[in-house]
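# Reading the structure
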4 protein chains.
Amino acid sequence: MPNMSDTRIPVGLVGVTGYTGIELTRVLAGHPSLRLARATSRSEAGKKLSSLYPFLSGPGALGEMGGLTVTQPDPDDIAGACKLAFLAVPHKTAQEIAAALVERGVKVVDLSADFRLRDKATYEKWYATPHTQPGLLAEAVYGLPEIYREKMKKARLIANPGCYPTSAILGLMPALQAGLVHTDDIVVDSKSGTTGAGRKAAVGSLFCEVSDSFKAYNLTKHRHTPEIEQEVSLLAKTPVALSFNTHLLPINRGILTTIYTRLKNPVDTEAVREVYAARYAGEDLVRVLPVGSLPETRHVRGTMFCDIGVVVDERIGRLIIISVIDNLCRGASGQAVLGANLMLGLPEKQGLPLAPLVP
Amino acid sequence: MPNMSDTRIPVGLVGVTGYTGIELTRVLAGHPSLRLARATSRSEAGKKLSSLYPFLSGPGALGEMGGLTVTQPDPDDIAGACKLAFLAVPHKTAQEIAAALVERGVKVVDLSADFRLRDKATYEKWYATPHTQPGLLAEAVYGLPEIYREKMKKARLIANPGCYPTSAILGLMPALQAGLVHTDDIVVDSKSGTTGAGRKAAVGSLFCEVSDSFKAYNLTKHRHTPEIEQEVSLLAKTPVALSFNTHLLPINRGILTTIYTRLKNPVDTEAVREVYAARYAGEDLVRVLPVGSLPETRHVRGTMFCDIGVVVDERIGRLIIISVIDNLCRGASGQAVLGANLMLGLPEKQGLPLAPLVP
Amino acid sequence: MPNMSDTRIPVGLVGVTGYTGIELTRVLAGHPSLRLARATSRSEAGKKLSSLYPFLSGPGALGEMGGLTVTQPDPDDIAGACKLAFLAVPHKTAQEIAAALVERGVKVVDLSADFRLRDKATYEKWYATPHTQPGLLAEAVYGLPEIYREKMKKARLIANPGCYPTSAILGLMPALQAGLVHTDDIVVDSKSGTTGAGRKAAVGSLFCEVSDSFKAYNLTKHRHTPEIEQEVSLLAKTPVALSFNTHLLPINRGILTTIYTRLKNPVDTEAVREVYAARYAGEDLVRVLPVGSLPETRHVRGTMFCDIGVVVDERIGRLIIISVIDNLCRGASGQAVLGANLMLGLPEKQGLPLAPLVP
Amino acid sequence: MPNMSDTRIPVGLVGVTGYTGIELTRVLAGHPSLRLARATSRSEAGKKLSSLYPFLSGPGALGEMGGLTVTQPDPDDIAGACKLAFLAVPHKTAQEIAAALVERGVKVVDLSADFRLRDKATYEKWYATPHTQPGLLAEAVYGLPEIYREKMKKARLIANPGCYPTSAILGLMPALQAGLVHTDDIVVDSKSGTTGAGRKAAVGSLFCEVSDSFKAYNLTKHRHTPEIEQEVSLLAKTPVALSFNTHLLPINRGILTTIYTRLKNPVDTEAVREVYAARYAGEDLVRVLPVGSLPETRHVRGTMFCDIGVVVDERIGRLIIISVIDNLCRGASGQAVLGANLMLGLPEKQGLPLAPLVP
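About the cut-offs
Residues numbered from 1 in each chain as written. Chains lettered and ligands numbered in written order. Predicted model: local features only at pLDDT ≥ 70, side-chain atom pairs only at ≥ 80, totals over all residues. Least-squares fit on C-alpha atoms with pLDDT ≥ 70 in both. Contact = placed C-beta atoms within 7 Å. Helix = DSSP H or I, 4+ residues; strand = E, 2+ residues; numbered from the N terminus. Buried ≥ 20, exposed ≤ 12 C-beta atoms within 10 Å, placed from the backbone. Domains from an automatic or database assignment. Nonpolar A, V, L, I, M, F, W, Y, C, P; charged D, E, K, R; others polar. pLDDT = per-residue confidence, 0-100.

## Quick look at the relation of the copies chain B and chain D
- For the pair chain B and chain D, the superposition axis carries a translation of 0.0 Å, the fit reaches an RMSD of 0.0 Å, and the rotation angle comes to 180 degrees. Such values leave the two copies arranged in the relation of a two-fold axis.
- Both copies contact each other with a shared surface, as 100% of the interface residues of chain B are interface residues in chain D too.

Set out below in structure tokens:
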């Protein structure tokens, strides 16, 4: 029951039971201009949010969110209560909900993969399901601010980038735009924290299956491959097919992506670092590390930063790029709130977490 | 298909899908006199064991076990193939299977709780289910070798002790038998690794819910309470009601139990340590640490040891006892194999893991 | 080089190389009214703070702090630049620095143990070093807001409470003030994350010595014992000697304290919970959980909250209290900033982290 | 004081304070034909081994080793007491000790890098120290049984392979020997558990710096690079320069190496898997996983196995190879004992751990 003097903009969260939903409540708890007005879940409707998440309790926005009653995802209800909605539901499910909300004048940030691939056929091939909203697909804006900031401001629907793609695209962009590397010999070796596997009860995600271990998974088949290739090809101005591979880390949060490229011409680390620093000069949320420093996932834990380190292996003519993000914050819910900020005319970084939890 | 010269004794494992089942295969892989002849699971029957557990592959017993086909738990089939069976199924389920096997002349080590409590009513109250085998309950031997070694040798059915009770009973025994402490003021504060929660797919056991966190659970209601009280009362020769409480550690294996007692008479740490060393003088699997040393779960990781440290807090007249075990090995499958060794006339420690994996 | 329109209050941090120093920079990064003007370290003086902590980089206060040059701890220099200083140095070292700063009109929040014990002799016995500032010792205010809020507002020197004592005192307070429990039978069993062991290079704190393990340490000798007893005795209005014992958790942050008490009269969990809720009714930073809920360290990760759960074991007449805090935030640097807020006339909770990082 | 009927062969361990030293005691504890007769350490001489490692206590070889008194590393003393010595000392230190022992007729397995590189100049360049034993360098046998088994049997000095090289070489061997891949486009992306960083007290190896984080380190400069290139070039029969890069995992044990290669001709995963299975057909300690399975470090925890999985990315013509080992066992001390077995005429796999600790 907001009072009249509450000028915060009401937003909704469709799908509250996963880690991206939880993370969104964390980000919103610190946001001065947004107010969570609806939280929906088919399975948990009727419960107080605080009964699902006991940590949503206390003074201010925390307790306010905890007091919300979870509702069924009804587009009319959401449209009546919210200016903007975040969709934290599985792909495929998001298609219809997004359409229903946009139709009712609600701005939408979709955290699923449903509107990330511009090519309907590519989506249908990799996700093995039809896309029923081709018009909206054409209209959706890929929500990576370092590339699409201006389009995001005018968007009705933002396709929030995937976690791996965020790290890979930001890592490759300067090298590709500056034409430093060959585009036919790119290997992207990514390692993700286990929140990336979602909050579904599955034996493979149990503590005792994941902890003190490490494995690769989904090799050659990960659905973020076409997403990365789409954006990287646009940056390189030529079709790029690359090797993208994923591993599961026994940590909660964080993606580290090691990118192997072949240099077109001999160049040293300092020079490459200059290219990266220049490209990201005006970008507050990308930190290009000094020569000799390499990123660590803990340095971005809980934040919006993408930290990037570059190293030239002069002996063999390769450029190695390391980029890290927090997969839940920059790689999902934080970036979604950044998108919302832009759509709603708020300052881009407003309310976003910047100080990492170290250790 | 064992060859004729294989003189190992065939044993069966009823219930192969949990962590105690996995651990049993590990212990059996190193056992010179036992051969896994049957592995059963209602849900996985028909599969090769190696398809469930890819690590059961390679030379010798490892590959031999991996090549086994999982079967339905059929008492006749087990009785035809095995001299002894380990039951690694949930409580209640074990009652009928144990009876069917014992009836067919198969020795049984039951890892469930079904035959641990001597009093049928106590069982039925704490486990909220009827006990259908009161005769067998009366006959079953509680499988803690430091107390019941001789009875175990002659048993048809061993009730393998619970993990927490193993640590608590071994920790309290010398103090109680020597009459060092009051029996009406005992607090048992236990902390267990997450394998103790089992291998069921449950959100609460996911890596991201358990790692980097710690919590108490089941306070005042843990079903190991009556089991501990039963054995401790026998040791103290008086009914003991104690405070038993459990916590979940973000580690795979290991239980550390901190026991708080009140001394009857002033005594120093060295004297108490003498009492403990004397009680366990002939016991190879209990290590009483030197004064000034405290046990760590990693020092018993993967082994049969119970390490015990004692400290007298002279300022307040309390004796604090710390005991650690590996909950899967000493606290479950390893102790079960020890029981089998005794029942089958093999040397007590044969094939049991003693060298810890450190780190 | 702050500009003239920067109205934030300049503060100093004496001792920047430990985890409490790092945590203080995190809290200050989100504080609207405080500005880090000095950061000192004998060993690191001359370096940029960002070269020690690469994550202190980026827009706003983060980058501002990273740009600071670490200085030698010179009281005159600090007094010239700062209104208040946080001391994050070892005990004993803090005595002289605190005195020098207070003398120069700088308000001080001391995170060490040097001014926590009111009795000089007790300090000298447990810390095995003389106390050279008895006058200041008498004046210092113990910085637990739930007890000393009003005194803290007027203090020149706040003795920031220890991490374990914060959890133990807040856990015991309502029961003692309401006279629910006997004061001669209290066991405090605490478990702390490894940041509590500090950032000193020591084999015992290596990842491979701590991870996947658990141990007790320092039994009967922990220096937080007299601190807890001092405050608990004041609350109980009678001298209390209790059993306080500590364990090391393989997690970064978090203390969970399990407190065992004996009830004076039969009472159920709901009634005890009422007593706790009433005592903390006006306290935003203590959350008394609903009956049936138990605290978890992750629910307070990175925050100022103390979460408390109570359970009556009616069978044996005991009250068990569980309290959790983040040892670095509520248990150290966050509580220190709260103290600074009060001393400087700022709103008590201003700038303090409330939304936990989950997972 | 071994009795006369003890026919085990006495061996020595030079350098007992690191993780490879600890691991060697674990492997020897289960070895029927070797007896630890000497354990040396400059810093710990005079102490009982059990006072360094409390887990070396109990019945049999465990307690026997714990009872050993650590000595200064004296070649005459070692030669008098041992037939073979394991050197677990840093590189450079091993050179002189190895020479002194070989001279005295003691067989040596050197776990350092001192005798791994055949080319003196390459050693001196990468390790930045002179090699003073060129003769012994020429004679030493690289201790990877899958390549050098026969030479190892006759060796006086075995250079035990590095952990990363073991995983990389075994992963690449079949593809290179079968000529499946181009040799000028190989990327080796390795991730190691933290025992690989050693047991030195260093802030960077503290639990709170490593846990819940992930980073790359030493890029383009890791000293295992020339070791891998040396053996891979021999296998490929052409000089190979490759990209080798390392990352630090928050786990105790385990290396997972992801190898990216470019196929010469189109071929599917099944066909590559056949090549691998054929190459390792007689090798008990390499397990080539079925198509569709990928290795996990936990499946080899504590064992001698190298598990390998292969995947062809037909879309882009690449072969991806994943190999995992336990860096302490197969990657160091276990492989060293295998070398000792061969040198001493014992069965190759005698006493080696095969059953993994899962979980």
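Text resumes after the structure shown.
## Some details on unusual backbone geometry
- Residue Pro359 of chain C is reached from Val358 of chain C by a cis peptide bond, and omega for that bond is -10 degrees.
- Structurally, the position occupied by Pro359 of chain C is in the segment after helix H13 (329-343).
- With phi around 80 degrees, Lys92 of chain D is a residue other than glycine that occupies positive phi space.
- For Lys92 of chain D, the location among the structural elements is in the loop between strand S3 (84-87) and helix H5 (93-103).
- Although it is not a glycine, Asn218 of chain D adopts a positive phi angle of roughly 60 degrees.
- Along the chain, Asn218 of chain D falls in the loop between strand S8 (215-217) and helix H11 (224-236).
- Its 16 C-beta neighbours within 10 Å are what place Asn218 of chain D among the partly exposed residues.

## Some details on the domain arrangement of chain A
All names here are of chain A.
- Domain boundaries in chain A define domain 1 (9-139) and domain 2 (164-327).
- Each of domain 1 and domain 2 has a C-alpha centre, and the two are 27 Å apart.
- The leading source of residues in the side of domain 1 that touches domain 2 is helix H6 (residues 120-127), at three residues.
- Tallied by class, the residues present in the side of domain 1 that touches domain 2 amount to five nonpolar, three polar and two charged.

## Focus on the interface of chain D and chain A
- Of the residues lining the interface, 38 residues belong to chain D; the matching set on chain A comes to 38 residues.
- Those elements that provide at least two residues to the side of chain D that touches chain A are strand S7 (187-192), helix H10 (207-210), S8, strand S9 (243-248), strand S10 (255-262), strand S12 (306-313) and strand S13 (318-325) of chain D.
- The residue makeup of the side of chain D that touches chain A, split by class, is 19 nonpolar, eight polar and eleven charged.

## Concerning the relation of the copies chain D and chain A
- Take chain D, turn it by 180 degrees, move it 0.0 Å along the axis, and it overlays chain A with an RMSD of 0.0 Å.
- Comparing contact sets, 100% of the residues at the interface of chain D also lie at the interface in chain A, consistent with an isologous, same-surface contact.

## Details of the interface of chain B and chain D
- Contact residues are listed per partner, giving 28 residues for chain B and 28 residues for chain D.
- Contributions of two or more residues to the side of chain B that touches chain D are made by helix H1 (19-29) and helix H3 (60-66) of chain B.
- Its residues placed into classes, the side of chain B that touches chain D shows 15 nonpolar, nine polar and four charged.

## Focus: the confidence of the model for chain A
- Across chain A, the average pLDDT comes to 97, with 99% of residues at or above 70.
- Per the prediction output, this complex has pTM 0.97; the corresponding ipTM is 0.96.

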